[in-house]
Structures are given as C-alpha cells and as structure tokens.
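Coordinate inspection notes
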Amino acid sequence: MTARFWLMKSEPSEVSIDDVLTSPQRCVEWFGVRNYQARNFMMRDMSVGDGVLFYHSSCAEPGIVGLARVARAAEPDITQFDPSSPYFDPKATSANPRWYCVKVEALLKTPLIQLSTLRQYPVLQGMRVLAKGNRLSITPVTPEEWNALQPLLIPSA
DNA sequence: GCCAACGTTGGC
DNA sequence: GCCAACGTTGGC
C-alpha cells in the first residue's frame, strides 16, 4: 500500500458533500463506480483512515468541496444486484460480484477549490484531475499535493 | 450543446 | 489479439 490520499468525484445532484454531512453517520457507500481502475483503487489500495478530497463533478461549480476519510474497506456494491438501479450489472452475481465500494465519512466542508485555482499552484500541476481528458473518478493524491492543499482547505467563518 | 479523451464491446 | 465503433465522462 502506497497511496494514503485520494480525490473522489461525486455528482452533487446524486450525492453532494452536504448530503453526506447531514446523513446519520456522515457516511456514504461510494456506490456506482463502474470503472476497473477506480474499483481497483478501492479494492487494493485504500485503507481505513486514508484522506479523501471530496470533489463535485458535472455541475455548475466543479471542484474540491470537502474533506473526508475512508471509513470502511471495500465491500460489494449492492447496486450492481438491483435491477431497478441505474448501476445494475446483469453480469454480476452475489457469488461473483464485479463492483466494490468503500465507505466514506465526510469530515468537513471546505471552501470551493476550482480547477482554475488548482492550476495556479506549480506543486499541483501533476494532479490527475487537472489532466486534459481525465475521466477517472478516483485518483491518488501525493503527500506533497495533499500538504500543499491544506491552507486552501481551511473552512471560512 | 459541444467535443476531446478514453474505456468497453464485439466481430473477425 | 486487433481495432473500429460506440458510449460515457465532464469541463467548458
């Protein structure tokens, strides 16, 4: 296990940072990931306690909106078994699940950090989320990037 | 709505 | 195993 920090995208129309912060345990199953690379990050590389940048995508104001942590290791994503779910996968069975998800606990809401802001910091230029054409919904964040981001993540009064 | 990027599918 | 076609993502 190498990575300890992650950026995780969510569409706020589906699950926003506010949705998670106001849910009973401040937790959400990261259901709906249907990309093997992202799944493998959750299955192989994530550990409880890993730091998470909560990112809103496909919305009016895309960017980092919160801090979170991995709260539980990967388990089968139950939406793959539900024929009424948009994430239903007919090739998945409970004996042979295809898709797994970790549980994420939201910690706090941060000021919105837009892509244009991230681009201003040389140390952050390598972030996958800034790469042209990047579509991966879960990406590793280096300790250097994580540390450089901290001053930007302090909640305003 | 546009479109670039990229993952997946399926015929061969 | 190749690769063209297709579908999806996601910023703009």
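Report on the accompanying structure.

In this section: the overall build of chain A. On a plain count of helices and strands, chain A comes out with four helices and six strands. In sequence order, the secondary structure elements of chain A are arranged as β-α-β-α-β-β-β-α-β-α. Computed over C-alpha atoms, the radius of gyration of chain A comes to 15 Å, within 12% of the 15 Å expected from 2.2 N^0.38 for 157 residues, which places it in the range of a compact globule. Its C-alpha atoms put chain A at 45 × 30 × 30 Å along the principal axes. Here chain A holds 157 residues, and the buried ones make up 44% of them. Taking as baseline every contact in chain A between residues at least 6 positions apart, the subset at least 24 positions apart corresponds to 73%.

The next subject is the sheet that holds strand E4 (residues 63-76). Ordered in space as E2-E5-E4-E3-E1-E6, the six strands form an open sheet in which the pairing is mixed. Each of the sheet's edge strands pairs with one partner strand only, and the pair in question is strand E2 (27-29) and strand E6 (138-141). Within the sheet, the average angular offset between the axes of one strand and its neighbour, ignoring direction, is 35 degrees.

On the secondary structure map, aspartate 77 appears in the loop between E4 and strand E5 (100-113). A residue is classified by how much of its surface remains accessible, and aspartate 77, at 1% relative accessible area, is buried. A sequence separation of 59 residues divides aspartate 77 from aspartate 18, and the C-alpha atoms of the two residues are 22 Å apart. Here aspartate 77 is in contact with Phe31, Gly32, Val33, Arg34, Trp99, Tyr100 and Cys101, once residues within four sequence places are set aside. Of note is the side chain of aspartate 77, whose polar atom sits 2.7 Å from the backbone nitrogen of glycine 32.

The next thing to look at is the packing of aromatic side chains. In this structure the tally under the stated criterion is five aromatic pairs. Both rings, one in phenylalanine 5 and one in tryptophan 146, keep their centres 4.4 Å apart while their planes meet at 15 degrees; by these two values the pair is stacked. Within this pair, whereas phenylalanine 5 is found in strand E1 (residues 5-10), its partner tryptophan 146 is found in helix H4 (residues 143-149), the two being separated by 141 residues in sequence. Of the residues examined, phenylalanine 5 reaches a relative accessible area of 14% and is grouped as buried. Between tryptophan 30 and phenylalanine 54, the ring centres sit 5.5 Å apart and the planes meet at 80 degrees, which makes this aromatic pair edge-to-face. Taken as a pair, tryptophan 30 in the loop between E2 and helix H2 (36-45) and phenylalanine 54 in strand E3 (residues 51-56) lie far apart in primary sequence, 24 residues in all.

Cut-off values and rules
- Residues numbered from 1 in each chain as written.
- Chains lettered and ligands numbered in written order.
- Predicted model: local features only at pLDDT ≥ 70, side-chain atom pairs only at ≥ 80, totals over all residues.
- Heavy atoms only, no water.
- Helix = DSSP H or I, 4+ residues; strand = E, 2+ residues; numbered from the N terminus.
- Rg over C-alpha atoms; globule rule 2.2 N^0.38 Å.
- Buried < 20%, exposed > 50% of the residue type's maximum accessible area, 1.4 Å probe, protein only.
- Contact = heavy atoms within 4.5 Å.
- Pairing = 2+ DSSP bridges.
- Axes fitted to C-alpha atoms, helices over the stretch in contact; angles between N-to-C directions.
- Polar contact = N/O pair within 3.5 Å; in protein donor to acceptor, adjacent residues only side chain to side chain.
- Phe/Tyr/Trp six-rings, centres within 6.5 Å; stacked < 30°, edge-to-face > 60°.

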